Amino acid sequence: MKRQALVLGLLVGVVSVTTAVADEPGVAFFEKRIRPVLVAHCYECHSAEAARNDELGGGLQLDTRAGVLQGGESGPVVVPGKPAESALVRALKYLDAEMPPEKPLPKAVIADFERWIELGVPDPREGEPVAVRRKGVDYDEGRKHWAYQPLDPGEPPKVQKGDWPAGEIDRYVLARMEEHGLAPAVDADRFAVVRRLCFDLTGLPPTPEQVARVEKVAPPDLPAAYESLVDELLASPQFGVHWARHWLDGVRFNPQLETSAYYRNWLVRAFNEDMRYEPFVQRQVAGDLLEAADVDEAAGNLVAAQMLAYNGREADFVESSLEVLGQQFLGLSLNCAKCHDHEFDAVSQEDYYALAGTLTSSTVPKNARDGVVIPGTETKLLGLFDDEPKKIGDTYLLLGGDRDRRGDLVPRRLPQVFFEDEPPRIGSETTSGRLELARWLGDLDQPLLARVAVNRVWQRLVGRGIVPTPNDFGTNGDPPTHPRLLDHLATRFVESGGSTKAVVRKIALSRTYRLSVRADAATVQQDLENDWLARAHTRRLSFEPVMDSLLAHAGELDLAIPEPVDQIKHWPTRKRKDKSFGGPRALFVRDQGRESSTFDGPSTELIVVERARSVTAPQMMYLLNGEMVRNLAPKIAKRVESTATSPDGRIDAAYRLLFARPAASEEVELGLAFVAEHGLDRYVHTLLLTNEFLYLH
Amino acid sequence: MNDFLQHTSRRDAVRRLACGVGGLGLATLLADEGLATDVPAGRPHHEPRAKSLIFLNMQGGPSQFETFTYKPELNTRAGQNVTVAGARNAATKIMPHAFPMAQHGEAGHWVSDRFPHMAGVMDELCLIESTYAEDNNHPGAQREILTGFNRRPMPCFGSWITYGLGSENRDLPGFVYLANGQHHGAGFLPARHQGMPVGSKMPNLRNWVPREEQRAQLDLAGRLNRMHLERHAETNDLDARIEAAELAFRMQTSAPEAVDLNRESKHTLAAYGVIGTKNPPRQSRTLTESPADFGAMCLTARRLVERGVRVVSISVGGRRGWDQHGKLREGISRNAAVVDRAMAALLKDLRQRGLLDSTLVLWGGEFGRTPTAENGDGRAHHPRGFTTWLAGGGVKPGFTYGKTDELGAAIVEDKVHVHDLHATLLWLMGLDHRRLTFRYGGRDQTIADVHGRVVEGIFA
């Protein structure tokens, strides 16, 4: 490089620089062997023109000598004289990066590049690379995305079929149907509705009493009967058990870790007490830093702060925590910006490391012994705590997310896309900034938070979110099928102060929720995916309701909510010491067994947006031959036997117990014939093999 | 219907005729398996080199230097300080080969003295010295080697293969795993393509009630399902469930037969080490399996392949089996004693039965180890240039592809990214990974996203 500069210096003013340098053998080599290859294979993405078109790859411009020497985002690409150490050569050989991406250049050409670097990178091309180091994030453009806009429910729309809607939700839904030339299906029968409500609100099948109660109601009184059932279910402690499980799926909960039962039970209680959404969020992000009214609340806050400690990925705690925070609360994949600016959303690497600083300033004790004591108890918790002042401070941006390549120190602040002006700084020399982060995340004035929250409730009750990608409200996620409805629900949610139960109630009492799964062929044909909700989605029961149902039908399900301290002392199981089956609800069982994966059960290492609903032979084998089924089916048969004395009465009783409806006459006939030949035990077992047992219709 | 498909399905078709399901055309049988609807082409994209694949997945990341890769400079420069790019917690001192290495066979492949049985079959192997993974920790890297991606729960390559080709045996799943079943799921692909546990790991296989009675149960359940379907016409899930029930029913007889090793001769059992082997004492980070366990899995894999199962995955190690951060000599000695005999027996047995030409065997872990020492006598994780091998179906025997530098620290020639490996496996099975797509999340997904190069250099 020095030599080159000297040559240039000597010759300036005598003849034209280019010509003079071209006389050098190295430059001739470049002109003949290197430049044509660069032009043909590299300039498209690595040139000033590409930079101007916003198509520059990796910040690398290969169309000037200065650009080659400057390198790209990941550092220099050539070490003059040392081809083996030059990233350019390694990329051409497809060793690290793979360039050109279509296919590797011929070996002879790569050898030319090695020779060129050996010669000291002779290159007569003048000029400076265009000053674009990184593409950068266009926040103003990003902010225009629908999800960041203020809530705008508009007026509930006018509809043609004015006698159909039972409430505001239905008007929004019907309007979209009518726009697409669709009409709503008939209402599901009362038994199907009761079964849906019980499973959706509590994760449990209806009891025969609940079925009998609704059976006697005159048609005009049905809505009132549903209403009282919904209120009964919302008031049941089993509501919290079921909805806590939904929440745990989103935060990558690992039940195997010490004291995790405390956080789980805190969630059950939060849902049962209908904790308002703002404190619910804030306590989970920074419970340890919030002021509490009394010892009880302080204890709860500390427990809530375990959320991130239990998110199951110790190795990259900061990344996995931001992943959970972003997706669960904001529907935003913040973690995409760890290594590079977000490809789709207005989240820059600076935004990522500005938040990361709050977490690097917080610590999770290595084990519960070092944890923080819950006030009023002797129990120590893991959890995310601000307790080590020496660690507090901003953190470095890591180029390419690589911990060995530090960039600048990034001041802690909130993400830019949410603010038109400078985003607020958070934290100080003595505080992590997690408290400010929690207050901002848990603030319903921020429309995204409410939208994401109500969309999850809709997803759980209807079968698919209004935004079908509940963890991605960004530009790469699916847009809402019913944007006004989403904003309507979010607005009501905010008005209620963030009451989850109020949203559940509203949706469960809509006529949309009560639609039959069956629609005429033309409707199905026109809307295969059921985007416009002219009918209900058919849904397979998830793992826990399958387990809980089997136990409940056999009278072996213990509905008590075990205290955390007892769960830790005696981990609850479904199988007793005497090999019979029975126990608490699946939520509290520590070892879920193989049947968990057979029925797409919970994950300890993934954020689960929606449980898979696979249909497989092993599921059938479980229901045909599984030990628990073998143990419980005869018990279920005994219960059926004890409730009715006549043979057809027993068939009917079996249907009421297992399917929450009376048996039709044809079904009674089939059942009688089967029982006569194979007995009641086999018959009851056979009903467990049917689709009706495993699906919500 | 192309010739290949007719040819490979003939045995199956003949067997079906013998079973009295005659009269059904092949198309009907395919429709039966749901292939008619969910495979884009319904057949391979090109003439396959292999019909089946066995993956011997060495969980924990086996050291290439104590198995199949010889770097003399490790010994001559032992103790010198070097930096290994891409390795996490890389220590700095070069650690020599823990065991003597020697060349075997005509091709002169190197192998450590811990693998005396493998030494006899080295000419079957096509070694890849330059395998490259992104992730450097076990959970992500295991996911990556099985699915191509270290974060998202994507379909396992076995699922992609059965999605593309279906099963050759109607009574067994097309994609089977015999040990650890993690990351063998179908992801967004239709659920029937997920890996299924068969063999001793398969739960609930023994029918509870007598078979005739069970038939009556399924008939009644089927009838009730159809009545129910008429009232609630929706979703092919319900159809899929009827299919699943029938497969479950058939598997109760076909699977126990397929995995019943009592049908094998004493000679074969001994060759695989199912009988006559001792279990060397376990240490903290070694394989949990015994030589007899692993032998039984390899033998079962051969029986399954014989019966037309497409993909058999054997993921051994109890997650950390080959993770020798310390006590490497002891750890690898035990592990080699567990796997050496059975792996060699499997290759020989497949060869003798004429199955090796149509069966691809893949050996490897989620990454390799550093040339440098850790904790004195261990090696750290190193995903940027580790050794895997292929044998059989369509690959060059006695061949080495790719090269790392003189220390085995960095790839210097012909990198084979995990995406490339997957693309190559699919290609050998007759599938073009770029054309084998599934619409999900608003785009046409493939096994290697936009990546994946077919490594033609290893083709026979």
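Along every chain, residues carry numbers that run from 1 in the direction the sequence is written. Numbering of ligands from 1 and lettering of chains from A proceed in the order in which they are written. Only residues with pLDDT of at least 70 are given local features in this predicted model, and only at 80 or more are side-chain atom pairs given and counted; all residues enter the totals for whole chains, interfaces and linings. Excluding hydrogens and water, the side-chain figures rest on all heavy atoms present in the structure.

**Overview of the overall build of chain A**
Here is step 1: By the criteria applied, helices consist of DSSP H or I runs no shorter than four residues and strands consist of E runs no shorter than two, each listed in order from the N terminus. Along the backbone of chain A there are 32 helices and eight strands.
Here is step 2: Expressed along its principal axes, the backbone C-alpha trace of chain A runs to roughly 115 × 65 × 55 Å.
Here is step 3: Within the span of chain A, comprising 697 residues, buried residues form 59% of the whole.
Here is step 4: Residue contacts are counted whenever heavy atoms from the two residues lie within 4.5 Å of one another. Contacts spanning at least 24 positions in sequence make up 65% of the contacts within chain A whose residues lie at least 6 apart.
Here is step 5: Carbon and sulfur atoms make up 52% of the accessible area of chain A, which totals about 29200 Å².
Here is step 6: Computing the positive centroid from 83 side-chain charges and the negative centroid from 103, chain A places the two 4 Å apart. When accessible area is computed with a 1.4 Å probe and restricted to protein chains, residues below 20% of their type maximum are described as buried, those above 50% as exposed, and intermediate ones as partly exposed. Residue-level accessible areas treat just the shown protein chains as cover; the underlying method is Shrake-Rupley with a 1.4 Å probe. By the counting rule applied here, Lys and Arg register as positive and Asp and Glu as negative, while His and the ends of each chain are not counted. Think of each charge as sitting on NZ of Lys, CZ of Arg, CG of Asp or CD of Glu.

**Observations concerning the overall build of chain B**
Here is step 1: Secondary structure summary: chain B contains 14 helices and 17 strands in total.
Here is step 2: When the 460 residues of chain B are sorted by exposure, 60% land in the buried category.
Here is step 3: Surface summary for chain B: the accessible area is close to 17000 Å², and the carbon and sulfur share equals 49%.

**Here we look at the environment of G331 of chain B**
All names here are of chain B.
Here is step 1: Relative to the helices and strands, G331 resides in helix α13 (residues 328–352).
Here is step 2: When its relative accessible area of 2% is taken as the criterion, G331 is described as buried.
Here is step 3: Taking the C-alpha atoms as reference points, G331 and G364, separated by 33 residues in sequence, lie 17 Å from one another.
Here is step 4: Discounting residues that sit within four places of it in the chain, G331 has contacts with Q283, T286 and Q324.

**Quick notes on the layout of surface pockets**
Residues and elements named next belong to chain A.
Here is step 1: Grid spacing is 1 Å over the protein atoms alone, the probe is 1.4 Å, and a cavity is where that probe fits but cannot get out, while a pocket is an open set with protein on both sides within 12 Å along at least five of seven lines and lining residues have an atom within 4 Å of a point. Grid points are joined across faces, edges and corners, and a volume is the space filled by probe spheres set on the points. Each pocket or cavity is described by its volume, and for the second largest pocket that value is around 570 Å³.
Here is step 2: Going through the elements one at a time, α14 (260–272), α16 (295–304) and α25 (564–569) are the ones with two or more residues in the lining of the second largest pocket.
Here is step 3: Each residue gets one label: Ala, Val, Leu, Ile, Met, Phe, Trp, Tyr, Cys and Pro are nonpolar, Asp, Glu, Lys and Arg are charged, and the others, such as Gly, are polar. Here the lining of the second largest pocket is built from residues that sort into 13 nonpolar, five polar and seven charged.
Here is step 4: Taken domain by domain, the lining of the second largest pocket gets at least three of its residues from each of domain 3 (238–441) and domain 4 (543–598 + 615–696). For each domain, the first and last residues come from an automatic or database assignment.

**Details of the side chain of R310 of chain B**
Residues and elements named next belong to chain B.
Here is step 1: Position of R310 relative to the elements: it lies in the loop between α12 (291–306) and β7 (311–316).
Here is step 2: Buried within the structure, R310 lacks any salt-bridge partner; E168 is the closest side chain of opposite charge, at an N-O distance of 4.6 Å.
Here is step 3: Setting aside anything within four residues of it in sequence, one finds R310 in contact with K51, S52, L53, T162, L165, G166, S167, E168, G174 and M429. A pair is scored as a salt bridge if a Lys or Arg side-chain nitrogen falls within 4 Å of a carboxyl oxygen belonging to Asp or Glu.

**Points about the side chain of E323 of chain A**
Residues and elements named next belong to chain A.
Here is step 1: By the element assignment, E323 lies in helix α17 (residues 317–330).
Here is step 2: A relative accessible area of 13% places E323 in the buried class.
Here is step 3: Polar contact criterion, stated in full: a pair of N or O atoms within 3.5 Å, where within protein one must be able to donate a hydrogen and the other to accept it, and residues adjacent in sequence count only if both atoms are side-chain atoms. Polar contacts involving the side chain of E323 include one to the side chain of R252, which spans 3.3 Å.

**Focus: the packing of α14 of chain A against α16 of chain A**
All names here are of chain A.
Here is step 1: In this analysis, axes come from line fits to C-alpha atoms, helices being fitted only over the stretch in contact, and the angle between any two N-to-C directions falls in the range 0 to 180 degrees. At a closest axis distance of 9 Å, the pairing of α14 and α16 adopts a crossing angle of 115°. The hand of the α14/α16 crossing is left-handed. In this structure, α14 contributes Y262, Y263, W266 and R269 to the contact, and α16 contributes D296, G300, V303 and A304.
Here is step 2: When grouped by side-chain class, the residues that make up the contact of α14 with α16 number five nonpolar, one polar and two charged. The handedness criterion is simple: a crossing whose near helix is rotated anticlockwise from the far helix by less than a right angle is left-handed, and one whose near helix is rotated clockwise is right-handed.

**A word on the pattern of salt bridges**
When charged atoms on two side chains of opposite charge get close, those side chains can pair.
Here is step 1: Scanning all chains against the criterion turns up 69 salt bridges over all chains.
Here is step 2: Note that E297 of chain A and R283 of chain A form a salt bridge whose closest N and O atoms lie 3.4 Å from each other. One end of the pair, E297 of chain A, is in helix α16; the other, R283 of chain A, is in helix α15 (residues 277–286), and 14 residues separate them in sequence.
Here is step 3: E297 of chain A sits in the partly exposed class, given a relative accessible area of 25%.
Here is step 4: A relative accessible area of 15% places R283 of chain A in the buried class.
Here is step 5: Measuring nitrogen to oxygen at the nearest pair gives 3.1 Å for the salt bridge that ties R215 of chain B to E246 of chain B. Here R215 of chain B, found in helix α9 (residues 211–231), pairs with E246 of chain B, found in helix α10 (residues 237–258); they are 31 residues apart in sequence, far enough to count as distant.
Here is step 6: Judged by its relative accessible area of 24%, R215 of chain B is partly exposed.
Here is step 7: Given the relative accessible area of 24%, E246 of chain B is considered partly exposed.

**Observations regarding the domain arrangement of chain B**
All names here are of chain B.
Here is step 1: The assigned domain composition of chain B is domain 1 (28–202 + 259–458) and domain 2 (205–255).
Here is step 2: Using only C-alpha atoms to locate each centre, domain 1 and domain 2 end up separated by 36 Å.
Here is step 3: On the side of domain 2, seven residues touch domain 1, which itself brings 11 residues to the contact.
Here is step 4: Buried area: the accessible surface (1.4 Å probe) lost by two parts on joining, summed over both. When domain 1 packs against domain 2, close to 830 Å² is buried across both sides, 58% of that on carbon and sulfur atoms.
Here is step 5: When residues of domain 1 are sorted by the area they lose upon contact with domain 2, R170, D171 and M202 head the list and together hold 50% of the total.
Here is step 6: At the boundary of domain 1 and domain 2, one finds one salt bridge.
Here is step 7: The partner of D171 in a salt bridge is R250, with the nearest N and O atoms 3.0 Å apart.
Here is step 8: Counting the contacts that link domain 1 with domain 2 gives four residue pairs in polar contact (both at pLDDT 80 or more).

**With respect to the pairing of strand β8 (residues 359–364) of chain B**
All names here are of chain B.
Here is step 1: The buried fraction of β8 is high, at six of six residues.
Here is step 2: Of the two faces of β8, the one carrying T359, V361 and W363 and the one carrying L360, L362 and G364 are both buried.
Here is step 3: The pairing of β8 with strand β11 (residues 384–392) spans four bridges and is classified as antiparallel. Each bridged residue has a counterpart across the sheet, and for W363 the counterpart in β11 is W389. DSSP bridges decide pairing: two strands pair if at least two such bridges lie between them.

**A word on the interface of chain A and chain B**
Here is step 1: With 59 residues of chain A at the interface, the matching set in chain B holds 58 residues.
Here is step 2: Where chain A abuts chain B, roughly 5100 Å² becomes buried across the two surfaces, and 57% of that area is made up of carbon and sulfur atoms.
Here is step 3: Together, V615, M621 and N691 of chain A form the three largest contributors to the area buried by chain A at its contact with chain B, with a combined 12%.
Here is step 4: Put simply, chain A and chain B have two salt bridges between them.

**Focus: empty space enclosed by the protein**
Residues and elements named next belong to chain A.
Here is step 1: Per the counting criterion, the structure on display carries 12 cavities of 30 Å³ or more.
Here is step 2: What the largest cavity holds in volume is close to 390 Å³.
Here is step 3: Taken together, 24 residues make up the lining of the largest cavity; nearest its centre are H242, H246, S542, P545 and R613.
Here is step 4: For the lining of the largest cavity, the secondary-structure elements that each account for two or more residues are α10 (190–202), α13 (237–250), α20 (447–462), β5 (539–540) and α24 (543–553).

**Here's the deal with the packing of aromatic side chains**
Residues and elements named next belong to chain A.
Here is step 1: Side-chain rings of Phe, Tyr and Trp (the six-membered ring for Trp) are treated as a pair once their centres are within 6.5 Å; stacked means planes under 30 degrees apart, edge-to-face means over 60, and tilted covers the remaining angles. Applying the stated criterion across every chain, the model contains 30 aromatic pairs over all chains.
Here is step 2: Summarising the aromatic geometry, the rings of F30 and W116 are spaced 5.6 Å apart at their centres and angled 35° between planes, so their arrangement reads as tilted. Remark: W116 occurs in helix α7 (residues 107–118) and F30 occurs in helix α3 (residues 25–41); sequence separation between them is 86 residues.
Here is step 3: Judged by its relative accessible area of 0%, W116 is buried.

**Quick look at the packing of α15 of chain A against helix α19 (residues 434–441) of chain A**
For any two helices packed against each other, one specifies the crossing angle of their axes together with the interaxial distance.
Residue and element names in this part refer to chain A.
Here is step 1: Taken N-terminus to C-terminus, the directions of α15 and α19 make an angle of 155°; their axes are 8 Å apart at the nearest point. Comparing the axis directions of α15 and α19 gives the class roughly antiparallel. Handedness of the α15/α19 crossing: right-handed. In this structure, α15 contributes V281, Q282, V285 and A286 to the contact, and α19 contributes R434, L435, A438, R439 and L441.
Here is step 2: Classifying every residue of the contact of α15 with α19 gives six nonpolar, one polar and two charged. Orientation categories follow fixed angle ranges, with anything under 35 degrees roughly parallel, anything over 145 roughly antiparallel, 65 to 115 roughly perpendicular, and all other angles oblique.

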